[in-house]
Amino acid sequence: VNARLRRDLLSGGTSFDKHSYPWEYIWHNQTTATGKLTGLPVEMNVNFHRVSSVDIVNSVMDLSVWLRLVWVDPRLTWEPEEYGNLTKTRFWIGE
């Protein structure tokens, strides 16, 4: 089911472009009380993997970190009943 869903969402005749930001989807009917457009909520996680060096005098650190950004793209929606009642999934889209 996940493989079929991924295929249908990314290449099944949709116009999904992983390199474009979904402006028109995010801004559609989403304004604040002052009339300003809202943005896309993004969750950011940083995992500090390794500290390679610390230079206290120059205030410099050399770190290895894993950065993870998570958001909901409204262009990637589906009817759960068409995919075994699957309501949530995760898959790598790539670089």
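From a predicted model like this one, the values you see are computed outputs, not experimental measurements.

Along the backbone of the protein chain there are two helices and two strands. Starting at the N terminus and ending at the C terminus, the protein chain contains elements arranged as α-α-β-β. Counted over contacts in the protein chain with a minimum sequence separation of 6, partners at least 24 positions apart contribute 48%. With the model as given, the accessible surface of the protein chain reaches about 7900 Å², and the carbon-plus-sulfur share is 55%.

Of the strand pairs in this sheet, strand 1 (residues 43-55) and strand 2 (residues 60-70) are connected by 11 bridges, and their pairing is antiparallel. Bridge pairing links Val46 to Leu67 in strand 2. Hairpin connection between strand 1 and strand 2: a loop of four residues separates the two successive antiparallel strands, and Ser59 in this loop has a positive phi of roughly 55°.

Take the confidence of the model for the protein chain next. Per-residue pLDDT for the protein chain has a mean of 82; in total, 78% of the residues score no lower than 70. Taken element by element, the predicted model of the protein chain shows its lowest mean pLDDT in helix 2 (residues 23-27) (64) and its highest in strand 1 (95).

Enumeration according to the criterion identifies one salt bridge in this entry. Among the ionic pairs, Arg7 bridges to Asp8, the shortest N-O distance being 3.6 Å.

Along the chain, Asn58 turns up in the loop between strand 1 and strand 2. In this structure Asn58 comes out as exposed when scored by relative accessible area, which is 52%. Separated by 2.8 Å, the side chains of Asn58 and Asp55 make a polar contact.

This part covers unusual backbone geometry. Among all residues except glycine, the phi angle is most often negative; among peptide bonds, the trans geometry is most common. Backbone geometry at Ser59 places phi at a positive 55°, although glycine is not the residue there. With respect to the helices and strands, the residue Ser59 is situated in the loop between strand 1 and strand 2. Accessibility expressed as a relative area gives 65% for Ser59, which makes it exposed. Residues other than glycine seldom take positive phi values, yet Asn85 does so here, at roughly 60°. By the secondary structure assignment, Asn85 is in the segment after strand 2. Overall, Asn85 belongs to the exposed group, its relative accessible area being 58%.

Rules used in this analysis
Residues numbered from 1 in each chain as written. Predicted model: local features only at pLDDT ≥ 70, side-chain atom pairs only at ≥ 80, totals over all residues. Heavy atoms only, no water. Helix = DSSP H or I, 4+ residues; strand = E, 2+ residues; numbered from the N terminus. Contact = heavy atoms within 4.5 Å. Areas by Shrake-Rupley, 256 points an atom, 1.4 Å probe, with all protein chains shown as cover. Pairing = 2+ DSSP bridges. pLDDT = per-residue confidence, 0-100. Salt bridge = Lys/Arg side-chain N within 4 Å of Asp/Glu carboxyl O. Buried < 20%, exposed > 50% of the residue type's maximum accessible area, 1.4 Å probe, protein only. Polar contact = N/O pair within 3.5 Å; in protein donor to acceptor, adjacent residues only side chain to side chain.

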